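# Fold and geometry: a report
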Amino acid sequence: MADNIFEQRLEKLESLGELIGVKYPNNFSVDTAIISILEEYKNETRETLETKEKKIFSIAGRVMFRRIMGKAGFLNLRDRDGDLQLYVSKKSIPEDDFIQFKKLLDIGDIIGVKGYPFVTKTGELSLHVTEFKILTKSLSPLPEKFHGLTDIESRYRQRYVDLIMNQDSRARFIARSKIVKELRNFFDAKNYLEVETPMLHPIAGGAAARPFVTHHNTLDMELYMRIAPELYLKRLIVGGFERVYEINRNFRNEGISTRHNPEFTMVEFYQAYATYTDLMDMTEEMFKTVAQNVFGKLIFDYQGNTIDFSKPFKRLSVYDGIKQYLPNYPKEIFSDIEVARKFAKEQGAKIEDYFPLGKVLMELFEHVAEKDLIEPVFITDFPLDVSPLSRKKDADNTLVDRFELYIGGFEIANAFSELNDPLDQEQRFMKQIEEKEAGDDEAHNMDADYIRALKYGMPPTAGEGIGIDRFVMLLTDAPSIRDVILFPLLKKE
RNA sequence: GAGCCACUAGCUCAGUAGGUAGAGCAUCUGACUUUUAAUCAGGUGGUCGAAGGUUCAAAUCCUUCGUGGCUCACCA
């Protein structure tokens, strides 16, 4: 015998080829999923089942455990959504099949079996196998059966192994898929139109972030991976699609952390004739609906904190938040930039000299409050300086009709009533360009076509973006964004 | 980008007054026809993340590098 596992398994693969004629057969038909056998027989006992006619099922999956005795043995078979124990005995199957079972099988192999359900002495529903076929040899051994794969890097790099071994990881990605489906149902029920807008942008816009740059060869043109779909979706509002949403990836060329992956998924949606307060109500309804429909509950544990979606979400303005977290604030910080800068720096916020007042206040707020925003809370009424695409408040032109939703200590949604005054928008872009020149490399760029679109008239509109990855983190109690992204970005091996 | 920590068999992990590497599971051989982390007996398997250095001697001490984790910074 060869002296390592890979070589040993290659030899078994050769033997299989000699025994059945091909090494990788594809002639086994599956007629049943394990979960439907479990469902159909869940109320049967050893006694009730013995009196019934034996019904043959054909199932397939991966061998996870085995316990082999002399002329018989048990296997645990796993398919896409269930595990079932198999009982294989020499006298019940053809001789060639028993050779496959006894001599050629390894844990991790993909097999197909036929057999009839029965209940063992110890009361476990099992399949009494009458045909046994190895369909795909696994040449690499699976991780240790009891502990599974725990090394975090391996779980990300070899997600396929993680998904085989770790049922909680598997369940989390299934939940993610259901969450996205429920979001679609939610928007579809409100007559939203799902659209797809460009991922390659000639101008990176719609958010403040550094983009990935790429190049189109034939047009010899610089392009940017999109940092947000916002400006395209609002062009569609101009075009008369009054309710649109898009679920897709954004790309931001920034740091990686437990809450940031360079490519992440957002649902961004826009509704004409709505305001940001309408969206607060809608967001609450959305979170409750998705949580209830996917998980059947409204109260979640997130990393040791309880998050209750059944209660109305709190609402707190940025300025009130500063007053609440820093009761000793100097009265002048909301009007005097020098006082605000000095105070924010004293509190430990990172303030650059070119920051306008609104940005200083925003940094201050996030520095002191963000970590404590565990229960769902809408932070409202942002400074104009940090909101170049938002509508000004009627009552105070230094603030905008905007909110961000915080849950579990991080930002999960951002929304506002949209600025639909093309002349104001043009001035705001000009101001952003000034900030860019002053040193803010994440300031917005001028998008002349977007201004051109607004000049045709965009109805009063509100829009919102929700980070799907973070939403899934909350609902599945995931400590890191990498736990909810199948293949998170890692350095090259 | 900074600090701290980790990297030993396919997997999960032991192993520091520095003396040349171990266990469990997996795998191999044998026994066993109702087991379920099966059991019993006996084997195989390692350039101790990489490269330098100190030393008679390095998994162990030092330096640099790599990969990863956590925290901070960045992320309006």
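Residues numbered from 1 in each chain as written. Chains lettered and ligands numbered in written order. Predicted model: local features only at pLDDT ≥ 70, side-chain atom pairs only at ≥ 80, totals over all residues. Heavy atoms only, no water.

### A word on the layout of surface pockets
Where we set the bar: Cavities and pockets are defined on a 1 Å grid built over the protein atoms alone: a cavity is a set of grid points where a 1.4 Å probe fits but cannot escape, while a pocket is an open set with protein on both sides within 12 Å along at least five of seven lines, and lining residues are those with an atom within 4 Å of any such point. Grid points are joined across faces, edges and corners, and a volume is the space filled by probe spheres set on the points. Elements are defined by DSSP. Helices are runs of H or I of four residues or more, strands are runs of E of two residues or more, and each kind is numbered from the N terminus. Any residue that is not Ala, Val, Leu, Ile, Met, Phe, Trp, Tyr, Cys, Pro, Asp, Glu, Lys or Arg is counted as polar, Gly included; the first ten are nonpolar and the last four charged.
When its volume is computed, the second largest pocket comes out at roughly 270 Å³. Forming the boundary of the second largest pocket are 14 residues, of which R176, R249, V484, I485 and L486 lie nearest the centre. Contributing elements (two or more residues each) for the lining of the second largest pocket: α7 (167-189) and β11 (263-272). Residue contributions to the lining of the second largest pocket peak at four residues, all from α7. Split into classes, the residues belonging to the lining of the second largest pocket amount to seven nonpolar, three polar and four charged.

### Remarks on the environment of A274
How we decide: Type-normalised accessible area, obtained with a 1.4 Å probe on protein chains alone, sets the label of each residue: buried when under 20%, exposed when over 50%, and partly exposed for intermediate values. Only heavy atoms matter for contacts: two residues are in contact if any of them lie within 4.5 Å across the pair.
Note that A274 resides in the loop between β11 and α9 (276-295). Note on A274: relative accessible area 6%, which makes it buried. Each C-alpha atom of the pair A274 and G463 lies 8.5 Å from the other, and the pair is 189 residues apart in sequence. Filtering out sequence-adjacent residues up to four positions away, A274 remains in contact with P460, T461 and A462.

### Details of the packing of aromatic side chains
Stated precisely, the cut-off is as follows: For Phe, Tyr and Trp, rings pair up if their centres lie within 6.5 Å, where Trp contributes its six-membered ring, and each pair is then called stacked (planes under 30 degrees apart), edge-to-face (over 60) or tilted (otherwise). Charge-over-ring contacts are defined here by two conditions on Lys NZ or Arg CZ: a distance within 6 Å of the ring centre and an angle within 35 degrees of the ring normal.
One pass over the full model with this rule turns up 24 aromatic pairs. Ring centres 5.0 Å apart and planes at 40° place the aromatic pair F74 and Y87 in the tilted group. Residue F74 is located in strand β2 (residues 72-79), and its partner Y87 is located in strand β3 (residues 82-89); the two are separated by 13 residues in the primary sequence. When the ring of F98 is compared with that of F101, the centres are 5.6 Å apart and the planes differ by 45°; the resulting orientation is tilted. In this pair, F98 and F101 are both assigned in helix α4 (residues 95-104), three residues apart and thus about one turn of the helix distant. Of the two residues, F98 and F101, both sit in the buried class. Members of the aromatic cluster, each reached through a chain of ring pairs, are F287, F295, F300, F309, F313, F378, F403 and F471. Across from the ring centre of F300, 4.8 Å away, lies the NZ or CZ of K297, which sits over that ring. Between the NZ or CZ atom of R402 and the centre of the ring of F382, over which it lies, the distance is 4.4 Å.

### Quick notes on the protein's contact with RNA strand B
Let me state the cut-off plainly: Summary of the distance rule: residues count as near a molecule or strand when at least one heavy atom falls within 4 Å of that molecule or strand. Pairs of N or O atoms are called polar contacts if they sit within 3.5 Å, as long as, within protein, a hydrogen donor faces a hydrogen acceptor (for residues adjacent in sequence, only side-chain-to-side-chain pairs).
Surrounding RNA strand B, one finds 51 residues, the nearest of these being Q8, T122, K145, H260 and R482. Among atoms of RNA strand B positioned within 4 Å of the protein, sugar and phosphate together represent 63%. The side chain of R157 places a nitrogen or oxygen atom 3.2 Å from a sugar or linking oxygen of RNA strand B. The separation between a base nitrogen of RNA strand B and a polar main-chain atom of V386 is 2.5 Å. At the level of elements, α1 (5-20), β1 (57-68), β2, β3, α5 (152-157) and α12 (357-369) are the ones that each hand at least two residues to the surface near RNA strand B.

### Structural notes on the confidence of the model for chain A
Just so we agree on the cut-off: For every residue, the predictor states its confidence as a pLDDT score lying anywhere from 0 to 100.
Averaged over every residue, the pLDDT of chain A is 93; the share at 70 or more is 99%. Summarising per-element confidence for chain A, the mean pLDDT is lowest in helix α11 (residues 337-346) (89) and highest in strand β6 (residues 193-194) (98).

### Re the packing of α11 against α12
For clarity, the threshold we go by: Axes, fitted as lines to C-alpha atoms, cover a helix only where it is in contact. Angles between the N-to-C directions of the axes lie from 0 to 180 degrees. By definition in this entry, angles of less than 35 degrees are roughly parallel, angles greater than 145 are roughly antiparallel, angles of 65 to 115 are roughly perpendicular, and the rest are oblique. Each crossing is labelled by how the near helix is turned from the far one, with a counterclockwise turn of less than a right angle marking it left-handed and a clockwise turn marking it right-handed.
Running from N to C, α11 and α12 point in directions that differ by 25°, and their axes come no closer than 10 Å. In terms of orientation, α11 lies roughly parallel with respect to α12. Taken as a pair, α11 and α12 cross one another with a handedness that is left-handed. Taken together, the residues of α12 that come into contact with α11 (itself represented by I337, A340, R341, F343 and A344) are L357, V360, L361 and L364.

### A short note on a positive patch on the surface
The criterion, for reference: Like charges within 9 Å and nonpolar side chains (Val, Leu, Ile, Met, Phe, Trp, Tyr) within 5 Å are joined into patches, using only residues over 30% in relative accessible area that form no salt bridge. Using the Shrake-Rupley algorithm and a 1.4 Å probe, accessible areas are obtained, with residue cover drawn only from the displayed protein chains. When a carboxyl oxygen of Asp or Glu is within 4 Å of a side-chain nitrogen of Lys or Arg, the pair counts as a salt bridge. Working convention for charge: Lys and Arg count positive, Asp and Glu count negative, and His plus the chain ends are omitted. Lysine's charge is taken at NZ, arginine's at CZ, aspartate's at CG and glutamate's at CD.
A cluster of basic side chains, namely K71, K90, K102 and K103, defines a positive patch on the protein surface. Inspection of the secondary structure assignment puts K71 in the loop between β1 and β2.

### Structural notes on α9
What counts is decided by this rule: Residue count minus one, scaled by 1.5 Å, sets the expected span of a helix.
Helix length check: α9 (20 residues) gives 28 Å between terminal C-alpha atoms against 28 Å at 1.5 Å per residue, within 8%. Among all positions in α9, only Y276, L279, M280, M282, T283, E284, M286, F287, V290, A291 and V294 are buried. Just downstream of α9 lies G296, where phi reads positive at about 70°.

### Quick notes on the nonpolar core
We apply this condition: We call a set of buried Ala, Val, Leu, Ile, Met, Phe, Trp, Tyr and Cys residues a nonpolar core when their side-chain atoms join them within 4.5 Å.
Core analysis: the largest hydrophobic core is formed by 45 residues, its most contacted members being F187, V267, F269, M286, F287 and F309. Per element, the largest residue contribution to this core is nine residues, and it comes from α9. Discounting residues that sit within four places of it in the chain, F287 has contacts with F309, F313, L405, I407, I412, I466 and F471.

### A short note on the sheet that holds strand β9 (residues 221-225)
What counts, and what does not: Here a strand pair is declared whenever DSSP counts at least two bridges between the two strands.
In space, the three strands of this open sheet follow the order β7-β9-β8, with antiparallel pairing throughout. Across the chains shown, the open sheet's two edge strands, defined by having one partner strand only, are β7 (200-201) and β8 (213-216). Here β8 pairs with β9 via four bridges, running antiparallel. Residue T214 lies in a different strand from β9, and its bridge partner there is L223.

### Concerning unusual backbone geometry
Phi at N191 takes a positive value of approximately 65°, unusual for a residue other than glycine. A positive phi angle, close to 55°, is found at D477, a residue other than glycine. With respect to the helices and strands, D477 occurs in the segment after α15 (468-476). Under the relative-accessibility criterion, D477 is labelled partly exposed at 26%.

### Examining the sheet that holds β11
An order of β6-β10-β11-β18-β17-β16-β15-β14 is seen for the eight strands of this open sheet, with the pairing classed as mixed. Single-partner strands in this sheet number two, and they are β6 and β14 (314-317). Two strands pair when backbone bridges link them, and β11 and strand β18 (residues 461-467) are joined in this way by seven bridges, in the antiparallel orientation. Counterpart to F269 in the pairing with β18 is E464. Sheet contacts for α15: β10 (243-251), β11, β16 (402-407), β17 (410-417) and β18; angle to β17, the most-contacted strand, approximately 130°.

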